[in-house]
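Architecture and fold: a report
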Amino acid sequence: MLRLRELQQDFAAAVLDGAQNGFEGQIQAVGLSGARRLQIYRNNRLLNLTASLRATYPVICRLVGDGFFDYAAAQYIAAYPSRSGDLEEFGGDFARFLETFTPAAALVYLPDVAQLEWIYRQIFYAADHPPLDLAALAQVPAEQQGDLHFQRCPAARLLQSPFPILRIWQVNQEDYVGDAAVDLTAGGIKLLALRRDNFEIEFQPLAAGEFSLLSALNEGCAFAVACERALTAQPDVDLSACFSRHVLQGALVSFYLQSA
Amino acid sequence: MTARPALAVLGPGLIPARAGIGLRADHYDAVLETQPPVGWLEVHSENYFGAGGKPLKVLERVRADYPLSLHGVGLSVGSIDPLDQRHLTALKNLIRRFEPALVSEHLSWGSVDGRHFNDLLPLPYTEEALDHFSERVIAVQDVLGRQILIENPSSYLQYVASVIPEWEFLVEVAGRTGCGVLLDVNNIYVSARNHGFDASAYLQAIPLALVQEIHLAGFVVNRFDDGEILIDTHSQPVCPAVWALYRQAVQRFGPVPTLIEWDTDLPALAVLVAEAQQADAIVLEERHAEAA
């Protein structure tokens, strides 16, 4: 008789890997065969995980169609098995998977759209955070301001793509009305994804300087360094306006002083 | 006695012995706006493991108005894999924050060597599995610092190795661990049809004191040329045969907090509320029958 550990390993080999290990012989064949009964568990898992991917990647699903999506999902599920009992954590490698998924190679923007949808999900569940303490910030002496380090809101993320992924995402929303045409030659985009106080998630297009400023802060650069990078990326950037905007809208939520 | 909101009678902590519904994200707004007349709410624990955002905010708001039950689907209590401490910690934090009246998990396993099925897989009902599962329930209860309920699963296969009937296995686990039983009447019906045992006998085998919650849901029938099998999809209304089995359960166990579970092809909130009212009506009818 199989020990419990072997039974679970053999079940997994039969159901996940399609191994011909004779495991159907461990199942009582009353009415339906053991093989048929195992197939039910194989199907249930595929349906559950595919449904989870569809819920996370609705725009990818619309872009490629249900049948193609299910095919891609089945390949993904086999290549990247679920590693958590919490289904909300499943699907984080889908963008990476799509990069090398040759049947979708012609849709070059697909991985970046998937990345945007995964970020949407991460932000949906991200921690709440109170806004930046403006009074405390005002206490920092002018000569130390360059040494300030800022931390982004847990529900804020930066992303960029050489493709117009925001336009693609917008025209593929269920409630979108209007011209659905997307000009793929329109160029790339830099985005801030941010969850607002009412839990709405916004994708804000950023100019090069603004994006560089936030990226540098996000990487842990001091404020002075971040400002230099922003000016390099975009000499006419209005640093004070864009900094205040991101503090006020809660994209930057805390700070500390650390001299270089 | 005039009907009063459950909270007025019991306070917001305890779960009343009437019907509740499973709260799913698609019903958040409807539940907050309409405050449906159900006795309590149950949510899947894992749906609130996130650090913040709308789900936790909604749960906070509904928790102020309804008693709450946390129902886990991913802890994989029956696996040989070590218990996932991160999962357990998230559950413990959720319990601390929301003070649910009931916390439940399944008589099943779901992962091996770190790979998860995200499904409720049947255990072989052997002495070895009984020892293992009981140890794990004790370990979970120790970490959580409270009793949990264990739910009987729907299953589509039985192992050659199984030597203990499921109902005996479940009762023995409760005896060894002090856990309670979440009796899923639909799962009993589905497994009874799939494996050819007597659903009523299953009910009769469970001691009265163990059952702290009942689940009701709908299934689908998959037909093949060599037979048919019932799949527990939570995608349908409760079927007449399961309502009849529920009536038997009420006759045996008395009024028990009873949940209408619906996960796939979720209908309007009103459909769930109507199902909950049907469950309450059965309890009332049985009370009157008893009094007559």
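What you see is a predicted model, and the numbers here were worked out from it, not measured in a lab.

Focus on the side chain of B:Asn187
All names here are of chain B. For Asn 187, the location among the structural elements is in helix α7 (residues 185-195). You can call Asn 187 buried: its relative accessible area is 2%. Every residue in contact with Asn 187, bar those within four places of it in the chain, is listed here: Glu 151, Asn 152, Pro 153, Ser 154 and Asp 232.

Details of the sheet that holds strand β2 (residues 156-161) of chain A
All names here are of chain A. An order of β2-β3-β4 is seen for the three strands of this open sheet, with the pairing classed as antiparallel. Of all the strands in the sheet, just β2 and β4 (201-205) have a single pairing partner and so form its edges. Adjacent strand axes in the sheet meet at a mean angle of 25° when their direction is disregarded. Strand direction decides the pairing type here: β2 and strand β3 (residues 189-195), joined by six bridges, are antiparallel. Note on β3: the bridge partner recorded for Arg 157 is Ala 193. Contacts from helix α6 (residues 110-125) reach β2, β3 and β4, with the element oriented near 175° to β2. Along the sheet face, helix α9 (residues 208-218) touches β2 and β3 and points at about 125° away from the line of β2.

With respect to the pairing of strand β9 (residues 211-216) of chain B
Residues and elements named next belong to chain B. Where burial is concerned, most of β9 is hidden: five out of the six residues are buried. Pairing analysis gives three bridges linking β9 to strand β12 (residues 258-260), with the strands arranged parallel. The partner of Ile 214 across the bridge, within β12, is Thr 258.

So, how was this worked out
- The numbering scheme is per chain: residues are counted from 1 as the chain's sequence reads.
- By the order in which they are written, chains take letters starting at A while ligands take numbers starting at 1.
- Restriction of local features to residues with pLDDT of at least 70 applies here, the model being predicted, together with a cutoff of 80 or more for giving and counting side-chain atom pairs; totals for whole chains, interfaces and linings are based on all residues.
- Only hydrogens and water are removed before side-chain values are computed, so all heavy atoms of the structure are retained for them.
- Secondary structure is summarised from DSSP: a helix means a run of H or I of at least four residues, a strand means a run of E of at least two, and numbering begins at the N terminus for each.
- Three labels apply to residues, based on accessible area from a 1.4 Å probe with only protein chains included: buried if under 20% of the type maximum, exposed if over 50%, partly exposed otherwise in between.
- Note on contacts: a residue pair qualifies if any of its non-hydrogen atoms lie within 4.5 Å across the two residues.
- Strand pairing follows a simple DSSP-based rule, namely that at least 2 bridges must link the two strands.
- Note on geometry: axes are lines fitted to C-alpha atoms, helical ones only across the stretch in contact, with angles between N-to-C directions running from 0 to 180 degrees.

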